[in-house]
Amino acid sequence: MVISMKNNPIWDINKNNKYNDSLKTNNVDILIIGGGITGITTAYLLRNLNKRILLIDKDNLGFDTTYKSTAKISFIQKDIYQKLEKTYNYETSKLYFESQKEAINIITNIIKDEKIDCELEKVNSYLFTNKKESINKLNKERDLLKSFKVECFDQQKLPINYKIEASFYVENNYVFNPIKYIGNISKKLNSIDICINTMAFNIKKENNSYKVTTNNGIINTKKVIVTTHYPFFIFPNLIPIRNYISREYVNTCNYPHNNFTAINIDKDTESIRFYKDNIIYVSNNHRLTNKINYKVNYNDSKTKFKNNFNKEILYSWMNQDLMTNDYLPIIGYSRKDNKNLLLACGYNAWGMTNGVIAAKIISDLIMNKKNKYYNLFRPDRISLNGIINSIIDGIFYAKAYIEAPFIKKDNIYKVKVNDEDYFLYIDKNKNKHYVKTKCPHMKCNLVFNKEELTWDCPCHGSRFDIDGNIITSPTKNDIKKKNN
Ligand SMILES: Cc1cc2nc3c(=O)[nH]c(=O)nc-3n(C[C@H](O)[C@H](O)[C@H](O)COP(=O)(O)OP(=O)(O)OC[C@H]3O[C@@H](n4cnc5c(N)ncnc54)[C@H](O)[C@@H]3O)c2cc1C
């Protein structure tokens, strides 16, 4: 039997969920922009507030980064606890651990209390290494977890045939289906208006309220919550140079079900979970740069998958997330003197927990409740290591800004049209596709992704299709050729 591989995530799309795509009202008390795990969970936690709340999304709910995640709800996050101890101190590391445990409690309680059908499953989570030289690092993470009162069980092997050097596991982590979670929780939001296909372009403060410009008209609101994965406009607190985009590749095949997850502690990520009778495997993570060879990354991830599991790939996709230079998400008031504009981003590839804790912090701030994680994640925090990493990043961004992209025999030509620079791509059928050469977000040089036929920004992750239409924010504008 020939199995044809699908180039999309494994999660089924529920076509029964129908949302409005025109606004019922232009005047609200609270506007949530972005309906991924963060926006939808924030809406859920604010649903009984007795305020006019509107949630908008530029596409459908959940169909950006959350759709492409592997949806582990886990406090095992590679070497995060030792990184935080080094960057900040032991107390910060412990507080971050507590935030992840609390997020797990919040989301699992919501799912149980509301009887949300999203294939939630309790799992043991393994942290492992396949390098002898990383065993000390693994032990250090285990000892930190033990000091946080987590029971850790040392193991020589994973429950499946997969080569490792050492590992331990912890209990009480979870996996779920993120698209079912978003689709089914949105049915519990009768008090909240949801409007899809509504892209926010601009947020303007006027007296004590905001005017948010969208393709569906201007929305007047007292408070704005930006949960768009990457803040779609340039925020204060130097957010664009405090993080970078990391991309990872996901492949799946048929495999007997097992109720554990695993991730390695080494730099090159290897991550495993099961969904029904499939294994989902993540590998080949890399930072976006202007010198990406997409073909190598895609092909390497597939080769690695086949070497490990020796089966036909069923689903294959990639995802990218925002990584912060001090390893902590950015959640809270956009400025400390402005309590009406809030944001959440920078989950370092752990948005199923961090998106939920962000929703809790933001909803507590809106309801004037104290939250013990407010200072941990506040956008204006400062750390020496964070500053050093941002300076190093500055050099990287300067390169992506100045250097022409790396184009290799891809039928791409740099041309001038009416004195403006364009890339011209000529496809197999000799059709011509023109796009601008720079990302409208912060003018970094775009890179051609031959594998998916997209134009990708190496700085902040915006993506465009071959004709210059937006696929992924933070950009708000297409890069199409103007009609003459
Ligand atoms: C390969 C990979 C695997 C991962 N697996 C896991 C995992 O197992 N567990 C885990 O915890 N995390 C995982 N993550 C991370 C996780 O997927 C993300 O951190 C999380 O999904 C981010 O959620 P979000 O709500 O911030 O963003 P999104 O899900 O991207 O939601 C943002 C929404 O905002 C909308 N939007 C954007 N701009 C605008 C605009 N201008 N106007 C209106 N709407 C807008 C978008 O359409 C989108 O729906 C993984 C990441 C990668 C790269």
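Residues numbered from 1 in each chain as written. Predicted model: local features only at pLDDT ≥ 70, side-chain atom pairs only at ≥ 80, totals over all residues.

## Brief notes about the pairing of strand S11 (residues 243–254)
Inference 1: Among the 12 residues that make up S11, nine are buried, leaving the element largely enclosed by the rest of the structure.
Inference 2: Two elements, S11 and strand S15 (residues 316–324), share nine bridges in a ladder whose sense is antiparallel. Its bridge partner being in S15, Asn-251 is matched across the sheet by Ser-316.
Inference 3: Bridge count between S11 and strand S14 (residues 278–287): eight bridges; the pairing is antiparallel. Note on S14: the bridge partner recorded for Tyr-249 is Ser-283. (Buried ≥ 20, exposed ≤ 12 C-beta atoms within 10 Å, placed from the backbone. Helix = DSSP H or I, 4+ residues; strand = E, 2+ residues; numbered from the N terminus. Pairing = 2+ DSSP bridges.)

## Focus on the packing of helix H1 (residues 37–45) against helix H7 (residues 351–366)
Inference 1: Direction vectors running N to C along H1 and H7 enclose 40 degrees, while the axes themselves pass 8 Å from each other. Classified by chirality, the crossing of H7 by H1 is right-handed. Each of Ile-37, Thr-38, Thr-41, Thr-42 and Leu-45 in H1 lies in contact with H7, whose residues at this interface are Gly-351, Met-352, Gly-355, Val-356, Ala-358, Ala-359, Lys-360, Ile-362 and Ser-363.
Inference 2: Its residues assigned to classes, the contact of H1 with H7 comprises seven nonpolar, six polar and one charged. (Axes fitted to C-alpha atoms, helices over the stretch in contact; angles between N-to-C directions. Left-handed = near helix turned anticlockwise from the far one by under 90°. Contact = placed C-beta atoms within 7 Å. Nonpolar A, V, L, I, M, F, W, Y, C, P; charged D, E, K, R; others polar.)

## A word on the pairing of strand S1 (residues 27–33)
Moving residue by residue along a regular strand, the side chains alternate between the two faces of the sheet.
Inference 1: A large share of S1 lies buried, amounting to five of its seven residues.
Inference 2: Bridge analysis of S1 against strand S10 (residues 217–226) gives six bridges, and the strand direction is parallel. Along S10, the bridge assignment pairs Ile-30 with Lys-223.
Inference 3: Relative to strand S2 (residues 53–56), S1 is paired through four bridges, and the arrangement is parallel. Opposite Leu-31, over in S2, you have Leu-54 as the bridge partner.
Inference 4: Traced from S1 through H1 to S2, the parallel crossover comes out right-handed. (Right-handed = clockwise from strand over helix to strand, strands pointing away.)

## A few points about the sheet that holds strand S19 (residues 420–426)
Inference 1: Ordered by their spatial adjacency, three strands build an open sheet running S18-S19-S20, and the pairing between neighbours is antiparallel. Single-partner strands in this sheet number two, and they are strand S18 (412–417) and strand S20 (432–436). Neighbour-to-neighbour, the strand axes of this sheet turn through a mean angle of 35 degrees, independent of strand direction.
Inference 2: Sheet topology places S19 next to S20; five bridges connect them, and they run antiparallel. Bridging across to S20, Phe-423 finds its partner in Val-435.

## So, the sheet that holds strand S24 (residues 470–472)
Inference 1: On the basis of which strands lie adjacent, the open sheet formed by four strands has the order S21-S22-S23-S24 and antiparallel pairing. Each having just a single partner strand, strand S21 (447–449) and S24 make up the two edges of the open sheet. For this sheet the average axis-to-axis angle between neighbouring strands, irrespective of direction, equals 35 degrees.
Inference 2: Pairing of strand S23 (residues 463–465) with S24, which is carried by two bridges, proceeds in the antiparallel orientation.

## A look at the environment of Asp-465
Inference 1: In this structure, Asp-465 sits in strand S23.
Inference 2: Asp-465 gets classed as partly exposed once you count the C-beta atoms within 10 Å, which come to 17.
Inference 3: Excluding residues that lie within four positions of it along the chain, Asp-465 makes contacts with Thr-454 and Ile-471.

## Focus: the site of the ligand
Inference 1: What surrounds the ligand is a group of 40 residues, the closest being Gly-34, Gly-36, Ser-69, Gly-351 and Met-352.
Inference 2: Mapped onto the shell around the ligand, the elements with two or more residues apiece are H1, S11, S15 and H7.
Inference 3: Top contributing element to the shell around the ligand by residue count: H7, with four residues.
Inference 4: For the shell around the ligand, the class distribution of residues is 14 nonpolar, 18 polar and eight charged. (Near = placed C-beta within 6 Å.)

## Comments concerning the domain arrangement of the protein chain
Inference 1: Along its sequence, the protein chain is carved into domain 1 (74–90 + 117–176 + 242–319) and domain 2 (412–472).
Inference 2: Contact residues are listed per partner, giving eight residues for domain 1 and nine residues for domain 2.
Inference 3: With three residues, the single largest contributor to the side of domain 1 that touches domain 2 is helix H6 (residues 294–309).
Inference 4: When grouped by side-chain class, the residues that make up the side of domain 1 that touches domain 2 number five nonpolar, two polar and one charged. (Domains from an automatic or database assignment.)

## Describing the packing of helix H2 (residues 80–87) against helix H3 (residues 90–113)
Inference 1: Direction vectors running N to C along H2 and H3 enclose 145 degrees, while the axes themselves pass 7 Å from each other. Our pair here, H2 against H3, has a crossing hand that is right-handed. For the pair formed by H2 and H3, the contact residues are Tyr-81, Leu-84 and Glu-85 on the first element and Tyr-90, Thr-92, Ser-93, Tyr-96 and Phe-97 on the second.
Inference 2: Its residues assigned to classes, the contact of H2 with H3 shows five nonpolar, two polar and one charged.

## A look at the nonpolar core
Inference 1: In this structure, Leu-31 and Ile-362 are the most contacted members of the largest nonpolar core, which totals 105 residues.
Inference 2: The leading source of residues in this core is H7, at eight residues.
Inference 3: Excluding residues that lie within four positions of it along the chain, Ile-362 makes contacts with Thr-42, Ile-225, Ile-331, Leu-342 and Ala-344.
Inference 4: Listed in part, the 16 residues of the second largest apolar core include Ala-400, Trp-455, Cys-459 and Ile-479. (Core = buried A, V, L, I, M, F, W, Y, C linked by C-beta atoms within 7 Å.)

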